[in-house]
Amino acid sequence: MSAVEYRAILKYRLMIPLFPADDPCPVCRKCCLDSFGEHAVHCKELPGFKYRHDLVRDVLYDILKRAGISAKKEAPVNFLTDPLEGRSTLRPADILVFGWEGGKHACVDLTGVSPLVGLRDHGFVAGHAITKAEAGKVAKHEKACIENQHVFVPFAFDTFGALAPDAVRFLKRVQQVVSSSTAHVKGQNFVFSRVGFAIQKGVAAQLVARLPAISL
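Residues numbered from 1 in each chain as written. Predicted model: local features only at pLDDT ≥ 70, side-chain atom pairs only at ≥ 80, totals over all residues. Heavy atoms only, no water.

J.: Whenever I open this one, the overall build of the protein chain confuses me. Can you help?
T.: Helix and strand content of the protein chain: seven helices and four strands. Counted from the first residue to the last, the protein chain has its helices and strands arranged as α-α-α-β-β-β-α-α-β-α-α. Burial status across the protein chain gives 44% buried among its 216 residues. Put simply, 59% of the contacts in the protein chain that link residues at least 6 apart link residues at least 24 apart. (Helix = DSSP H or I, 4+ residues; strand = E, 2+ residues; numbered from the N terminus. Buried < 20%, exposed > 50% of the residue type's maximum accessible area, 1.4 Å probe, protein only. Contact = heavy atoms within 4.5 Å.)

Right under this line is the structure:
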């Protein structure tokens, strides 16, 4: 992570103003920036939230591979859809983990949200955004996975680095696999550390791409 990225993510986490309010976003040119970077972490243009999602997915996949866990990235499963739109939204699993639970493969579906979503309407409740995102993923995909003899694992995280309960359970089990093959504490701790760093790296890239040149 560069010095500019580090400063940007530090300001974001401490809620120190990053952008001139109401300036147009220099990337999408469709919306205005807000001081604290909420538009930046939701902007669809590259590097956007899809970039952040894919960065975390790639790091998680690499962790699984290094732990000796058999998995496939962007795996077609032919049943993950939006229930409201049917097969017109057929999509792959972010990561398919083979034989994860009771011999069944697990579809790991990542989603990232800002913990400040809905702050103006409902006030701030720690963990509310990620638990809501996790519940939304379960409602959308778990039934289809069960009907097709798969396990569904929602992997929700927020832009401050917090993880939803199912994501924590998943990583703890991965950590157990790692600990069975190494006696070093550092070797075990890298699981959560790498995911956390990837989240912040992705958010930092989104922020820096939208900073005025004078701030760089």
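Having seen the model, we can carry on.
J.: Sorry, what's going on with the confidence of the model for the protein chain here?
T.: Fine structural detail should not be taken from predicted coordinates in areas where pLDDT scores are low. Looking at the protein chain as a whole, the pLDDT averages 85, with 87% of positions reaching at least 70. The least confident element of the protein chain, judged by mean pLDDT, is helix α4 (residues 119–122) at 57; the most confident is strand β4 (residues 151–158) at 94. (pLDDT = per-residue confidence, 0-100.)

J.: Is there a simple way to think about the environment of Ile130 in this case?
T.: Locating Ile130 in the fold gives a position in helix α5 (residues 128–147). Given a relative accessible area of 5%, Ile130 falls into the buried group. Along the backbone, Ile130 and Asp158 are 28 residues apart, and their C-alpha atoms lie at a distance of 6.2 Å. Leave out the neighbours within four places in its chain, and Ile130 touches Val113, Ala156, Phe157, Asp158, Ala162, Leu163 and Ala164.

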